[in-house]
Amino acid sequence: MRTLKLAAAAILGTTALTAPAFAQDIDLPIVDEPLELTIHMHWARAQGYGPGGDTSKIYPVEEVAREKTNIHLIDKTSGRNSTDQSEAMNLLLATGNLPDIVGGAKIKQPVNEFGPQGAFQPLNDLVDEHAPNIKAWFDEHPDIWKAIQAYDGNVYYIPYLPDGKYARAWFVRQDWLDALGLEQPDNVEELYDVLVAFRDNDPNGNGEKDEIPFFVRDWEEVLRLLNLWDARSTGADVYHQFYIKDGKVVHPYAQEAYRDGLANIADWYEEGLIDAEIFTRGSSARDYLLGENLGGMTHDWFASTSGYNIALADKVEGFNFIPFLPPKSVSGNRIEENRRIPMKPDGWAISFSNEHPVETIKYFDYWFSEEGALLANFGVEGKTWDMVDGEPIYKDSVLNSGQPVNSQMYLEGAQVYRGYPQDYRYEWQWTRDSARKGIELYDTHDLLVEQFLGVAFNEDEQTIFDKYYPSIETYMLERQQAWILGTGDVKEDWDDYMAALNKMGYEDVLEVMNSAYERQYGG
Ligand code: CA
């Protein structure tokens with residue numbers, strides 16, 4: 001709906017439809033005299049609180065936040081030599097001397113495990129009493145408040161909250177369809193016929209049978225084909241996750257629909273409809289197969305995949321790779337399984353040793369105020385963007401710099417994994433027309449499915465999960481790959497496979513998953 005609102009706003013020249021609702025702005029500065037708070041901030045783009053992880057420099061966004069709030073964040077990040085957030089977190093916890101704020105990627109699990117043990121401060125009362133903007137946001141999103149709770153019912157971190165709905169989409173070479181006189185496939189049978197035609201009928205016109213009908217960049221994306229047989233490949237925005245089926249947590253790779261879907265994927269692989277190098281081609285698959293005019297269809301990110309129409313305009317004559325609606329499944333169900341998750345395991349928490357929890361939660365709240373959210377999303381007003389007719393609009397120097405806007409923002413200190421509400425207007429401005437059209441097409445249908453937002457285990461549940469699940473997942477993925485490649489037959493092997501999963505503790509894992517799920521979301 002966001003895209004339609006934006007279109008309307010552009011026509012009406014009004015902000016009333018687009019501006020997120022803010023409870024109230026807080027009193028600034030938060031403290032009369034400058035207050036220094038130390039921070040651990042470890043994430044993919046920076047290992048440390050500074051541009052690109054260079055903590056000798058100060059983000060432009062931080063400079064403005066200091067002026068406004070009088071709170072100065074001082075880097076105290078552990079594990080700066082490692083890009084692995086979990087390793088950095090382990091190093092941090094091992095010091096026993098936590099900085100005032102612990103932030104960055106993948107903090108949910110450790111914070112929810114060690115918060116109840118006293119390492120982090122519960123935020124529920126602090127938010128209630130001192131953070132009207134955070135409170136207003138979660139009052140509108142009660143399920144997300146539940147999803148970030150630890151097993152003791154307390155909240156220990158304020159998450160990074162992505163905005164926007166779609167992530168990946170189905171893409172097809174429309175010019176190949178046109179060359180062969182075919183329509184976009186609307187269901188699984190038509191999809192099969194199109195892939196066969198791509199394989200056999202020389203849509204690239206070079207006289208050779210060299211086309212690769214269906215390819216993917218991340219091999220796991222081949223599993224999206226499971227959706228065509230009413231099976232799931234994952235329950236969340238990352239691969240291989242549990243999902244909710246009839247109110248219970250189950251694993252997609254232990255369902256009969258999965259067995260049948262995987263059997264079909266194996267057939268399509270054997271028939272040469274799926275890239276023979278699906279598991280090995282890797283991240284260059286899209287560049288290579290599109291650039292060489294060999295690939296016909298994929299499932300990949302809206303924004304980046306749409307860029308090829310411009311990048312390859314001069315190289316491949318007539319090149320037109322566009323999003324199309326997910327084909328209907330064998331039962332007539334049309335879903336787009338991949339979507340943005342509404343909350344990430346990233347964000348920030350207040351450690352037990354922080355002597356200024358009220359000031360800190362007020363500071364967290366600043367980033368949920370209108371002014372703070374604009375700063376967190378777009379950078380410094382007047383430097384990277386201007387307010388135009390009530391809308392934050394990037395300067396041409398940002399949009400046309402030749403560098404991705406997100407990469408520029410990371411160096412400004414915007415879009416950093418602090419706890420903040422992302423604003424999709426940030427991304428929409430640099431989304432290409434063909435992707436915008438695709439997003440609007442997807443918006444004409446109700447395609448998205450419920451996501452499993454995860455659970456917080458208590459100690460006993462965590463022990464059981466850690467004991468059994470890692471080897472179960474390894475086994476499931478080993479069998480999955482073998483079946484696709486034609487080693488064994490999933491239908492013949494199924495009973496033995498399920499027996500093996502149960503022997504490995506699958507039922508025990510489901511039991512702790514569901515007890516945690518019931519505690520967190522039930523009632
Ligand atoms: Ca050919």
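Here goes a summary of the coordinates provided. (Residues numbered from 1 in each chain as written. Predicted model: local features only at pLDDT ≥ 70, side-chain atom pairs only at ≥ 80, totals over all residues. Heavy atoms only, no water.)

Examining the overall build of the protein chain
Turning to step 1, where the next piece is worked out: Helix and strand counts for the protein chain stand at 22 helices and 14 strands.
Turning to step 2, where the next piece is worked out: Relative to its length of 523 residues, the protein chain is compact, with a C-alpha radius of gyration of 24 Å against a globular reference of 24 Å.
Turning to step 3, where the next piece is worked out: Along the three orthogonal principal directions, the C-alpha set of the protein chain runs to about 75 × 55 × 40 Å.
Turning to step 4, where the next piece is worked out: Considering the protein chain as a whole, with its 523 residues, one finds that 56% of them fall into the buried category.
Turning to step 5, where the next piece is worked out: Summarising the internal contacts of the protein chain: among those between residues at least 6 apart in sequence, 75% fall at separations of at least 24.
Turning to step 6, where the next piece is worked out: Carbon together with sulfur atoms contributes 47% to the accessible area of the protein chain, which is approximately 22100 Å² in total. (Helix = DSSP H or I, 4+ residues; strand = E, 2+ residues; numbered from the N terminus. Rg over C-alpha atoms; globule rule 2.2 N^0.38 Å. Buried < 20%, exposed > 50% of the residue type's maximum accessible area, 1.4 Å probe, protein only. Contact = heavy atoms within 4.5 Å. Areas by Shrake-Rupley, 256 points an atom, 1.4 Å probe, with all protein chains shown as cover.)

Some remarks on helix H9 (residues 188-200)
Turning to step 1, where the next piece is worked out: For H9, with 13 residues, the first-to-last C-alpha span of 18 Å sits near the 18 Å given by 1.5 Å per residue.
Turning to step 2, where the next piece is worked out: For H9, the full list of buried residues reads Val188, Leu191, Val194, Leu195, Val196, Ala197, Phe198 and Arg199.
Turning to step 3, where the next piece is worked out: The secondary structure elements touched by the buried residues of H9 are strand S6 (168-173), helix H8 (174-180), strand S7 (212-214), helix H10 (256-270), strand S10 (295-301) and strand S11 (321-324).
Turning to step 4, where the next piece is worked out: With its phi angle positive at about 55°, Asp202 sits one or two positions after the end of H9. (Expected span 1.5 Å × (residues − 1).)

Concerning the pattern of salt bridges
Turning to step 1, where the next piece is worked out: In the structure shown here, the tally under the stated rule is 30 salt bridges.
Turning to step 2, where the next piece is worked out: Overlapping salt bridges bring together Arg168, Asp218, Glu221, Arg224, Arg232 and Glu337 as one network. (Salt bridge = Lys/Arg side-chain N within 4 Å of Asp/Glu carboxyl O.)

Here's the deal with the nonpolar core
Turning to step 1, where the next piece is worked out: Judged by nonpolar contacts, the single largest core of 155 residues is most densely connected at Leu225, Trp268, Trp348 and Trp367.
Turning to step 2, where the next piece is worked out: For this core, the leading source of residues is helix H22 (residues 506-521), giving eight residues.
Turning to step 3, where the next piece is worked out: With sequence-adjacent residues up to four places away left out, Trp367 is seen in contact with Val61, Ala65, Trp348, Gly372, Ala373, Leu375, Ala376, Arg418, Gly419, Tyr420 and Pro421. (Core = buried A, V, L, I, M, F, W, Y, C linked by side-chain atoms within 4.5 Å.)

Considerations on the side chain of Asp300
Turning to step 1, where the next piece is worked out: In this structure, Asp300 sits in strand S10.
Turning to step 2, where the next piece is worked out: You can call Asp300 buried: its relative accessible area is 2%.

Here's the deal with the sheet that holds S10
Turning to step 1, where the next piece is worked out: The four strands are arranged S7-S10-S6-S11 in an open sheet whose pairing can be described as mixed. Edge strands, defined here as strands with exactly one partner in the open sheet, are S7 and S11. Between one strand and the next, the sheet's axes are offset by a mean angle of 35°, whatever the strand orientation.
Turning to step 2, where the next piece is worked out: As paired elements, S7 and S10 share two bridges and run parallel to each other. In the strand pairing of S10, Phe214 is matched with Met297.
Turning to step 3, where the next piece is worked out: Sheet strands in contact with helix H19 (residues 433-443) are S6 and S11, and its direction is about 15° off that of S11. (Pairing = 2+ DSSP bridges. Axes fitted to C-alpha atoms, helices over the stretch in contact; angles between N-to-C directions.)

Concerning the packing of aromatic side chains
Turning to step 1, where the next piece is worked out: For the structure shown, the criterion picks out 38 aromatic pairs.
Turning to step 2, where the next piece is worked out: Judged by centre distance (5.1 Å) and plane angle (45°), the ring pair of Phe242 and Tyr469 falls under tilted. Of this pair, Phe242 sits in the loop between S7 and strand S8 (243-245) while Tyr469 sits in helix H20 (residues 459-485); the two residues are 227 residues apart in sequence, bridging distant segments of the chain. A single burial state applies to Phe242 and to Tyr469, both of which are buried.
Turning to step 3, where the next piece is worked out: Aromatic pair Tyr517 and Tyr521: ring centres 5.1 Å apart, planes at 40°, arrangement tilted. Residue Tyr517 and its partner Tyr521 are located together in helix H22, separated by four residues, close to a single helical turn.
Turning to step 4, where the next piece is worked out: One aromatic cluster is present, formed by Tyr166, Phe171, Phe215, Phe302, Phe319, Phe321 and Tyr442 through successive ring pairs.
Turning to step 5, where the next piece is worked out: Over the ring of Trp367 we find Arg418, and its NZ or CZ is 4.1 Å from the ring centre. (Phe/Tyr/Trp six-rings, centres within 6.5 Å; stacked < 30°, edge-to-face > 60°. Lys NZ or Arg CZ within 6 Å of the ring centre and 35° of its normal.)

Let's talk about the packing of H10 against helix H21 (residues 490-503)
Turning to step 1, where the next piece is worked out: Where H10 contacts H21, the two axes come as close as 10 Å, and the packing angle between them is 150°. Classified by the interaxial angle, the pair formed by H10 and H21 is roughly antiparallel. Of the two possible hands of crossing, H10 and H21 adopt the one that is right-handed. Between H10 and H21, the contacting residues are Glu256, Tyr258, Arg259, Asp260, Leu262 and Ala263 on the first element and Val490, Lys491, Trp494 and Tyr497 on the second.
Turning to step 2, where the next piece is worked out: Residues belonging to the contact of H10 with H21 are distributed by class as follows: six nonpolar, no polar and four charged. (Parallel < 35°, antiparallel > 145°, perpendicular 65-115°, else oblique. Left-handed = near helix turned anticlockwise from the far one by under 90°. Nonpolar A, V, L, I, M, F, W, Y, C, P; charged D, E, K, R; others polar.)

Section: a negative patch on the surface
Turning to step 1, where the next piece is worked out: Residues Asp178, Glu183, Glu189, Glu190 and Asp193 make up a contiguous surface patch of negative charge.
Turning to step 2, where the next piece is worked out: Ranked by residues supplied to the negative patch, first place goes to H9 with three residues.
Turning to step 3, where the next piece is worked out: If you trace the backbone, Glu183 turns up in the loop between H8 and H9.
Turning to step 4, where the next piece is worked out: A relative accessible area of 68% means that Glu183 is categorised as exposed. (Patch = residues over 30% accessible without salt bridge, like charges linked within 9 Å, V, L, I, M, F, W, Y side chains within 5 Å. Lys, Arg positive; Asp, Glu negative; His and termini not counted. Charge placed at Lys NZ, Arg CZ, Asp CG, Glu CD.)

Side note on the environment of Asn264
Turning to step 1, where the next piece is worked out: Relative to the helices and strands, Asn264 resides in helix H10.
Turning to step 2, where the next piece is worked out: The class of Asn264 is partly exposed, set by a relative accessible area of 23%.
Turning to step 3, where the next piece is worked out: Separated by 35 residues in sequence, Asn264 and Trp229 place their C-alpha atoms 8.5 Å apart.

Side note on the environment of Pro203
Turning to step 1, where the next piece is worked out: Relative to the assigned elements, Pro203 resides in the loop between H9 and S7.
Turning to step 2, where the next piece is worked out: Counting along the chain gives 23 residues from Pro203 to Leu180, while the straight-line C-alpha distance between them is 6.4 Å.
Turning to step 3, where the next piece is worked out: The contacts of Pro203, once residues within four sequence positions are left out, are Trp176, Ala179, Leu180, Ala197, Phe198 and Glu211.

Topic: unusual backbone geometry
Turning to step 1, where the next piece is worked out: A cis amide bond links Leu28 with the next residue in sequence, Pro29, at an omega value of -5°.
Turning to step 2, where the next piece is worked out: Tracing the chain through its elements places Pro29 in the loop between helix H1 (2-12) and strand S1 (35-43).
Turning to step 3, where the next piece is worked out: Residues other than glycine seldom take positive phi values, yet Asn70 does so here, at roughly 70°.
Turning to step 4, where the next piece is worked out: We note that Lys106 has phi near 55°; this positive angle belongs to a residue other than glycine.

Here's the deal with H21
Turning to step 1, where the next piece is worked out: For H21, which comprises 14 residues, the first-to-last C-alpha distance of 18 Å matches the rise-based estimate of 20 Å (1.5 Å per residue) to within 8%.
Turning to step 2, where the next piece is worked out: Three or more residues of H21 are buried, namely Val490, Trp494, Tyr497, Met498 and Leu501.
Turning to step 3, where the next piece is worked out: Here H21 starts with a cap whose side-chain oxygen sits 2.8 Å from the backbone nitrogen of Lys491, and that cap is Asp489.
Turning to step 4, where the next piece is worked out: The first or second residue beyond H21 is Gly505, which carries a positive phi of 105°. (Polar contact = N/O pair within 3.5 Å; in protein donor to acceptor, adjacent residues only side chain to side chain.)

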